[in-house]
Every structure is written in C-alpha cells, then in structure tokens.
Amino acid sequence: MTGYQPALLRIMIGIVIVRHPFSVCVPVNHKVTLSVRAEGTGVLSYQWFTVEEKEVPGATRAELTIRAQNTQLYVCRVHDQFRNFVFSEWVKVKVLDVDKPGLPGHWQGQPHIAVNPKSQAVRPGEKITLHCAAFGIPLPQYRWYRNGLELDKTTSTLQMDHATADHGGTYLCAVSNVLEETWTEPVDVIVQREQIPPSTPTATDKVALLIGNLNYLHHLDLMAPIMDVRELANLLQQLGFRVVSLLDLTREEMLAAIEKFMQLLDKGVYGLFYYAGHGFERAGRNYLVAIDTPQPYRPENSVCVQRIMLKMQQRETALSVILLDTCRKWYNQHCIPSVIMPLGPRGNTVYGYATCEDAEAFEVQDGGKSTGIFTKYLNKHILQPEKVTHILEQVSEDLSKDPLVTDKQAVEIKHTLKEPRSLTDPVRASGHTRELHLRDVCWRQANEIPRKRTLRFLCGVEVEICFAALFSNVMAAFATIKTTGPQTQDCTVTLSSIPSMEDIFSGSGRCEEMDSLIPPTFDSPDGTLRLCALQKIKEPVVINVDLHYTHSDSKLRLTESQRVEIGKPLVASCDLYRNIHANTQEGASAQSVDNIPVLPATVAGPCRPFTRNAECVPQVADVRSNEPEENDENELHNFTLRR
C-alpha cells in the first residue's frame with residue numbers, strides 16, 4: 001500500500017504548479033518564451049490566454065514563444081483528464097519602444113538600462129519626475145536612492161508633486177533581477193531659491209561603524225551592548241548616516257571591519273565610530289577588548305583607538321567622531337604602547353569618552369532592558385541640531401546628575417573642532433557623485449538582506465520565508481504558513497541553516513531583548529531562526545524549511561522539506577575573513593588563548609548596574625600583572641561592575 005501513496009496524494013490534491021511563468025521587459029519584435037511547469041496525475045494539457053480570457057491560437061504547450069509587438073498580459077490554464085484545472089499567475093510581457101535598444105549581442109536577460117533619468121532644476125512646489133526604464137528577463141525591479149539613501153519607491157518612475165529643499169540632491173536608480181544588478185548614471189536635482197546657505201557646514205556623505213562586544217571568552221559577559229548599538233544605529237539612520245552595526249567580534253574581525261569602514265570614508269565625509277564593550281587605557285592610549293582577548297589585558301591583544309582616528313584622518317574626513325562607552329582603567333603600564341606617527345594638525349576630530357582617565361563606565365540593567373548610562377543620555381540628545389561637542393556636553397551634564405553614578409563616572413570630551421559641525425548637518429553630494437556611487441555599492445554589501453520567498457509544497461501548503469536584519473551580522477528568518485492544503489491539519493514549520501549557526505543571544509535576558517528588535521510586521525510567525533556571526537560565513541547560506549502536518553485521512557504525521565539558498569547576506573558578502581590575515585599587527589604577536597579559564601556567566605538582578613571593566617579569575621601571584629582591582633559590592637549598593 002505504501003508504494004501507491006504518492007499517486008493517491010496527487011489525485012487528492014489535483015494539479016500543482018511548481019514553476020510559474022515570470023514577467024519580462026523586451027524591445028519591439030524580440031523573441032520571448034514563457035513557460036510553466038506543473039505536476040499532476042496523468043497527461044496534463046495547457047492553454048494560454050491573453051487579457052479578457054482570449055485564447056492564444058495554437059498555444060497548447062507548456063511553453064509559449066512569441067514575437068513581442070506590444071505590452072500584453074498572459075496566463076496559462078493547466079488541466080488533466082479528471083477535469084481538474086488550475087491557472088498560473090498572470091505575467092506581463094512589457095515592450096519598450098525605444099530608438100536604439102543597444103542590447104549586447106549575446107544578451108541573456110540581465111538588466112539593460114534603455115532610459116536613464118535626467119538632471120533637472122525646479123522651483124519649490126513644482127513637480128519632479130525622474131524616469132528609468134530597463135530591459136530584463138525576468139522583469140527588472142527598481143530601487144531609487146537620494147544622496148545614497150534608499151527611498152521607499154520601487155517603480156520605474158519617481159515622482160514628487162511638490163518640490164521642497166529636502167528633495168534636492170543626487171539620485172540613482174538600482175535596476176536588478178535574479179541575474180544581475182546595474183545602476184543608472186547619477187543625476188542631480190536642484191531645487192532653486194532654497195539652497196543651503198554657503199556658511200552652513202555640509203557633508204559629502206555620513207558613515208558610521210558601531211561595534212558592541214558582550215559574549216566574552218575570558219572576561220565577564222555584558223548585557224547592554226545589544227540595545228546600545230541597536231538604538232544608536234536607528235537614531236544615526238534618522239540623521240542620514242549609512243550605518244554598519246556589528247556584535248561580538250574577535251580582534252581580527254574588528255580590524256577587518258575597521259578596514260572596510262575606512263573604505264567608506266573620503267574627503268568631506270562625516271565618519272563616526274562607536275564602541276560598547278570592555279576596554280582599558282595605557283600610556284594615554286585607549287584599547288578596545290575583543291571577545292577573544294586573553295587575560296591579562298595587553299595592547300598587542302587589543303585594538304588601539306588612536307590608530308582608528310589616525311586612519312580616519314588619513315581619509316581626509318570633514319568630521320571624525322569616536323564615541324567610547326567603555327572603561328579607561330590603567331592596566332599593564334609596563335607594556336609597550338602602540339607606536340603611532342601622528343599626522344599634522346587636521347582638526348575637526350572629536351572623542352567622546354563615557355568616563356574619565358583611570359575610571360570605569362557603568363551599564364544599567366532595568367528589568368527587560370539593559371543600557372550603558374553614557375549611551376542612554378547620548379541617545380537622548382543626539383538628534384538635536386547642535387554642534388557635536390555641545391551634544392556631548394549635554395550628555396555630560398545629564399550623566400553627572402544621575403544618582404547611580406555620582407562620583408563614579410564622568411564624561412570626558414576631547415576635540416579639535418575648527419567649525420561648528422553637527423551630526424545633523426545636511427549631505428551635499430554635488431560634485432562627488434562618482435565617489436558617492438562607489439561608496440554606496442560598498443555600503444550596501446553589508447546591508448543587503450535576501451528577498452522574500454514563497455515555497456509551494458506538494459501537499460498544497462504555501463510557506464512564505466522573510467528576513468529582517470537585526471544588526472549587520474545578525475539576521476532573523478521567519479516562516480509563515482500562508483495557505484494550507486486540502487488534506488493537511490496542524491501544520492508547523494521549523495527552520496535550520498547550512499552551515500549551522502549557534503544562537504549566541506539565546507541566553508537569559510538576551511533572547512527577550514533580541515526578540516524586542518523584531519519589526520512588528522513579523523509578528524507571530526510560524527517559525528523563526530536567528531542567524532548570528534554572519535561575518536564568519538565563507539560559503540552561501542542555505543535555509544532548511546521543514547513542514548510538518550497531519551494528513552486528514554490517514555492521520556499520519558508527515559514532513560516535507562525544501563531548501564532555500566540565500567547567498568551571503570548582510571556583512572557576510574563583504575568577506576571580512578579575507579582581510580583578517582592581511583591586517584598588520586599592532587605590536588608583537590597576540591598571545592595564545594589556549595588553556596585560559598573561562599569565567600562563568602553572571603546575571604545581574606533588576607536595576608543592578610555594573611561596570612564595563614573585566615573582572616578577572618583568581619590570579620597566580622605576579623607583581624607585574626596589574627590586573628583590575630575588585631570593587632566592594634556593598635559600597636556600590638545596586639551596582640555591578642561593567643566595562
């Protein structure tokens with residue numbers, strides 16, 4: 001009996017279209033083939049129709065080949081000898097009538113731009129219309145950008161009915177299908193009369209790299225960097241920054257990410273680097289502690305902040321800002337500091353330290369949310385159109401009034417600002433369109449998520465797979481059952497990945513914080529998978545989708561599976577691992593981290609702040625180790641040391 005089950009199942013479910021035809025855009029008189037693939041019992045028959053259900057004469061095969069003369073809609077009906085029938089999805093054969101199509105000789109369907117948008121100057125209140133058209137098989141998709149930021153427009157024509165000063169800038173359109181992506185030439189839209197006064201500082205672009213380290217191998221874990229990085233990233237995006245946000249990086253991964261960040265900087269760009277995690281200070285230099293940094297702290301095992309600023313200045317940025325929510329305790333003063341040859345005075349550099357020299361920075365755990373106290377007040381003020389140093393002064397004033405850190409933490413600001421530059425300054429890309437385009441391509445690598453997919457199973461169930469970026473190296477996959485089959489009950493979906501990725505944020509407290517970052521559009525999915533540490537991915541990722549259901553007749557619990565390849569999403573596409581061994585080492589080779597005891601994780605109680613200073617395991621006597629001093633918890637009352 002078992003051998004007949006597939007045939008019986010097909011009779012019960014009728015005909016299933018496993019591959020629908022797809023829309024195309026071609027020149028006049030171009031040869032086009034539409035095809036459909038279906039599965040069912042016995043011989044299947046086909047009939048193609050145009051709009052208004054007109055049969056296409058002789059179109060009775062699974063493939064329909066035509067010479068496209070004008071834009072037309074098509075659909076295919078598939079039927080069997082049991083009088084079952086089903087229709088494919090409607091598709092459009094779009095015909096562009098242009099004088100010179102200019103298709104390459106062996107065109108395979110990749111997007112080919114036939115009409116580029118044109119630059120224009122308009123007065124306030126007038127209509128702005130930018131048009132792009134491209135050939136493609138399948139039909140190309142369009143995404144518009146202004147000053148490098150993606151707009152919520154996905155049609156070939158971008159129209160703004162009432163021009164304002166905000167509409168001025170450089171526009172690009174990305175045209176893509178499954179074969180390739182291409183870009184239009186950049187064009188400038190000038191809105192007259194309301195131009196920005198020459199005295200107002202502007203940026204040619206604004207770029208930010210945010211790193212939060214919390215799951216340490218040899219030091220106390222932290223809680224707050226998850227929310228700190230996410231909330232600051234959202235605010236910077238509102239200010240027009242291109243943001244790359246990364247969690248839990250090794251030292252080599254941090255160096256590789258910083259090198260990629262430097263590629264996004266250029267003359268006139270505003271660059272911002274933010275770090276939340278463990279850190280220390282040595283001989284006036286600040287060091288960031290990676291998740292694999294061994295004990296004790298040493299400069300050669302960490303990342304030097306001043307070296308980051310030096311590289312930012314070498315890119316001739318118009319504003320370089322470094323914000324550090326980390327401790328600055330003095331450790332291992334006998335070590336040789338990083339050797340840095342300073343540049344001449346460039347100006348417009350800003351350091352915002354969460355705390356002063358030889359002091360600690362604190363994070364607060366308040367029920368379901370953790371935050372660094374410095375970042376808490378930074379996020380409160382950062383959207384204000386004030387000089388960046390004034391913003392940090394307001395942060396300092398608020399933090400000094402916080403009773404949790406009175407006499408324990410004080411913000412320190414160092415800067416060489418020569419102009420009243422603000423993080424809210426507008427972007428003026430005119431004259432820098434080529435650099436903007438190249439920078440945009442590089443930045444989008446780290447922010448590209450897989451497209452939505454709909455999977456059709458043989459039992460008739462349809463499952464939609466969607467993706468959302470939580471950080472540039474953390475992504476969530478969601479499975480939602482859209483339709484159930486005629487003989488299915490109690491459907492569930494489970495997701496897994498190849499390669500398998502450990503969910504390092506599934507621990508107590510962290511899972512809830514991660515779940516709170518999921519956009520409301522993905523509320524109550526039927527299956528969820530969190531993909532972490534995407535910077536380590538070397539091969540395309542495959543999602544396994546397992547559909548479990550009970551057959552309504554046999555009452556058997558059955559499983560059907562499909563695989564979806566999603567490429568290398570988000571920062572995985574940047575191939576950071578290729579740059580790791582190319583990075584020059586800061587000082588001597590890093591010490592081995594083998595056989596170093598790992599601290600047990602500790603969970604702070606509600607409203608119990610602690611510092612971002614690493615607490616160490618019991619030490620073997622060594623007068624040179626200069627390890628962090630333990631603080632008396634009774635003195636701190638409701639504190640726990642953080643960074």
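Residues numbered from 1 in each chain as written. Predicted model: local features only at pLDDT ≥ 70, side-chain atom pairs only at ≥ 80, totals over all residues. Heavy atoms only, no water.

**Student:** What is the right way to look at the environment of Pro450 in this model?
**Tutor:** Looking at the secondary structure, you find Pro450 in the loop between α7 (433–445) and β32 (453–456). Judged by relative accessible area, Pro450 falls into the buried class, the value being 11%. Here the alpha-carbon distance between Pro450 and Ile566, two residues 116 residues apart in the chain, equals 5.8 Å. With sequence-adjacent residues up to four places away left out, Pro450 is seen in contact with Phe467, Met475, Ile566 and Pro569. (Helix = DSSP H or I, 4+ residues; strand = E, 2+ residues; numbered from the N terminus. Buried < 20%, exposed > 50% of the residue type's maximum accessible area, 1.4 Å probe, protein only. Contact = heavy atoms within 4.5 Å.)

**Student:** Any chance you could explain the packing of aromatic side chains here in plain terms?
**Tutor:** Within a pair of aromatic rings, the relevant descriptors are the distance that separates the centres and the angle that separates the planes. This model, assessed by the stated rule, comprises six aromatic pairs. Taking the centre distance of 6.3 Å and the plane angle of 55° together, the rings of Phe49 and Phe87 count as tilted. Of the two residues, Phe49 sits in strand β5 (residues 45–50) while Phe87 sits in strand β9 (residues 85–87), which places them 38 residues apart along the sequence. In this structure Phe49 comes out as buried when scored by relative accessible area, which is 8%. An aromatic cluster is defined as three or more aromatic residues linked by ring pairs; in this entry it consists of Phe49, Phe85 and Phe87. One Lys or Arg, Arg328, reaches over the ring of Tyr353 and ends 3.8 Å from the middle of that ring. (Phe/Tyr/Trp six-rings, centres within 6.5 Å; stacked < 30°, edge-to-face > 60°. Lys NZ or Arg CZ within 6 Å of the ring centre and 35° of its normal.)

**Student:** What is the right way to read the side chain of Thr375 from this model?
**Tutor:** Mapped onto the elements, Thr375 comes out in helix α5 (residues 373–381). If near-sequence neighbours (up to four positions away) are discounted, Thr375 is found in contact with Asp228, Tyr274 and Asp325.

**Student:** Teacher, can you tell me more about a nonpolar patch on the surface here?
**Tutor:** Side chains of Val51, Leu73 and Trp90 sit close together on the surface and give an oily, nonpolar patch of about 260 Å² of accessible area. Topologically, Trp90 is positioned in the loop between β9 and β10 (91–96). (Patch = residues over 30% accessible without salt bridge, like charges linked within 9 Å, V, L, I, M, F, W, Y side chains within 5 Å. Areas by Shrake-Rupley, 256 points an atom, 1.4 Å probe, with all protein chains shown as cover. Salt bridge = Lys/Arg side-chain N within 4 Å of Asp/Glu carboxyl O.)

**Student:** Where do I start with the pairing of strand β8 (residues 72–79) in this structure?
**Tutor:** Regular strands place side chains that alternate from one sheet face to the opposite one. As defined by bridge partners, β5 adjoins β8 across six bridges and the pair is classed as antiparallel. Counted as the bridge partner of Gln47 is Arg77 from β8. As paired elements, β8 and β10 share three bridges and run antiparallel to each other. Within the sheet, the bridge partner assigned to Gln72 lies in β10 and is Val93. Where β8 meets β9, three bridges bridge the pair, whose relative direction is antiparallel. Within β9, the residue paired with His79 across the bridge is Phe85. (Pairing = 2+ DSSP bridges.)

**Student:** Which parts of the structure should I look at to understand the nonpolar core?
**Tutor:** For soluble globular proteins, the rule of thumb is that nonpolar side chains tend to be buried together. Core analysis: the biggest nonpolar cluster contains 124 residues, and Leu210, Leu236, Leu272, Phe273 and Val545 have the highest contact counts within it. Among all residues touching Leu210, those that are not within four sequence positions of it are Val229, Leu232, Ala233, Leu236, Val243, Val244, Ser245, Leu246, Leu272 and Tyr274. (Core = buried A, V, L, I, M, F, W, Y, C linked by side-chain atoms within 4.5 Å.)

**Student:** What is the right way to look at the side chain of Ser176 in this model?
**Tutor:** Topologically, Ser176 is positioned in strand β18 (residues 169–176). Apart from the residues within four sequence positions on either side, Ser176 is in contact with Pro111, Pro140, Gln141, Arg143 and Glu181.

**Student:** Would you take a moment to explain unusual backbone geometry for this structure?
**Tutor:** What is expected of a backbone is that most residues other than glycine have negative phi and most peptide bonds are trans. Between Ile137 and the following residue, Pro138, the backbone shows a cis peptide bond with an omega angle of 5°. Residue position: Pro138 is located in the loop between β14 (133–135) and β15 (141–146). Cis geometry is adopted by the peptide bond preceding Pro296, which originates at Gln295 and carries an omega value of -5°. Topologically, Pro296 is positioned in the loop between β25 (285–288) and β26 (303–304).

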